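# Fold and contact review
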Amino acid sequence: MFIEVEDLKQELLHVQHVFPIGEIRFSHEDAGLTEPVAVDFVLTHQDRNLRVDGSLETGIRFRCSRCTKEFSKAFSAHFDLTYLPQPRWSNEGAEIELKYDDMEIAYYDGVAFDVNLMILEQIELAMPMNFICREDCRGLCYKCGADLNEGSCLCKNEEINSRMSVLLEFKKKTDK
Ligand SMILES: [Zn+2]
Ligand SMILES: [Zn+2]
C-alpha cells in the first residue's frame, strides 16, 4: 500500500486496513506471523513531512529458545513516527537532518509513502530480542534433552545418587 503525497488533503487521513497473511514480508529464523496484520493509524502532514500515529495487531508464532517448542500469541505495537523526505528531495535537507537527531524520525522518498515497509519495520522493532515461552521456562535438560517443564528427568536423580554414593564411600572409609 502506497500513499501518494500529492493526493493528501489538508485534513488528516485515517487508515484502517487488514493486510492478509503473506503481504507483510516479515521473515525471521525463529518467528513468523500467523494472523493478518490489522493496522489503524492517522496520517497528518505538513507539506511533505508526514506524521503517522497508530497501532498494529497481528499474531506471531515463535520457537522458545529454551525448550524449543513452538508457541503462538497475540502481538501488537504502537507507533508515532515522523517521516521526512530524503534530503535530496528537500532544499533544507541537510539542516533537517541535523535538527532532528531522534530515533522516531525516518525518511521516505518524498513522493509515495510505503505503508507495508513502515508496518514491517514496526513489527521488527517490537519483536522481543529473544523468544521464550514464559519467564520461568525451565528449558531442556542439557544431558538427556527432556523438557524440564514437564517434570524432572532422571539425570537429576542420577546426580543425587552419585553424590550419595560418594558420601557412602566416604562413610565406609571413615568407619574402618
Ligand atoms: Zn520454553
Ligand atoms: Zn536429563
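One can find the structure itself at the top, above this paragraph.
Residues numbered from 1 in each chain as written. Chains lettered and ligands numbered in written order. Predicted model: local features only at pLDDT ≥ 70, side-chain atom pairs only at ≥ 80, totals over all residues. Heavy atoms only, no water.

On to the coordination of the zinc ion (ligand 1), then. Ligation of the zinc ion (ligand 1) by protein atoms is provided by Cys-64 (SG), Cys-67 (SG), Cys-133 (SG) and Cys-137 (SG), these donors lying 2.2 to 2.3 Å from the ion. Around the zinc ion (ligand 1), the 4 donor atoms sit at angles spanning 101 to 116°, and that spread fits a shape best called tetrahedral. Owing to a relative accessible area of 21%, Cys-133 belongs among the partly exposed residues under this scheme. (Donors = N, O, S within 2.8 Å, 3.2 Å for Na, K, Ca; no water. Tetrahedral: all angles 85-135°; square planar, octahedral: opposite > 155°, others 65-115°. Buried < 20%, exposed > 50% of the residue type's maximum accessible area, 1.4 Å probe, protein only.)

Looking now at the coordination of the zinc ion (ligand 2). Cys-141 (SG), Cys-144 (SG), Cys-153 (SG) and Cys-155 (SG) make up the full set of protein donors to the zinc ion (ligand 2), lying at 2.3 Å. Coordination at the zinc ion (ligand 2) is tetrahedral: its 4 donor atoms span angles of 104 to 114° at the metal. Counting along the primary sequence, the residues that act as donors to the zinc ion (ligand 2) give the motif C-x2-C-x8-C-x1-C. In this pair, Cys-141 is assigned in the loop between helix 2 (115-126) and helix 3 (154-175) and Cys-155 in helix 3, connecting sequence segments 14 residues apart. We note that Cys-141, like Cys-155, is buried. (Helix = DSSP H or I, 4+ residues; strand = E, 2+ residues; numbered from the N terminus.)

What follows deals with the nonpolar core. The tendency in soluble globular proteins is for nonpolar side chains to be buried as a group. If you look at the biggest cluster of nonpolar residues, it comprises 32 residues, and the most contacted ones within it are Phe-41, Leu-56, Tyr-83, Phe-113, Met-118, Ile-119 and Ile-123. Elements supplying a minimum of two residues to this core: strand 2 (13-19), strand 4 (37-46), strand 5 (49-63), strand 6 (70-85), strand 7 (105-108) and helix 2. Beyond its immediate stretch of four places on either side in the chain, Tyr-83 contacts Arg-48, Asn-49, Leu-50, Val-52, Ala-106, Tyr-107, Tyr-108, Phe-113, Met-118 and Glu-121. (Core = buried A, V, L, I, M, F, W, Y, C linked by side-chain atoms within 4.5 Å. Contact = heavy atoms within 4.5 Å.)

Once that is clear, we can look at the pattern of salt bridges. Tallied over the entire structure, the rule returns 7 salt bridges. Note that Asp-80 and Arg-51 form a salt bridge whose closest N and O atoms lie 2.7 Å from each other. Of this pair, Asp-80 sits in strand 6 while Arg-51 sits in strand 5, placing them 29 residues apart in sequence. The partly exposed category is assigned to Asp-80, whose relative accessible area is 32%. Where salt bridges share partners, they join Arg-61, Arg-63 and Glu-70 into one cluster. (Salt bridge = Lys/Arg side-chain N within 4 Å of Asp/Glu carboxyl O.)

By themselves, these are just geometric observations and shouldn't be taken as functional.
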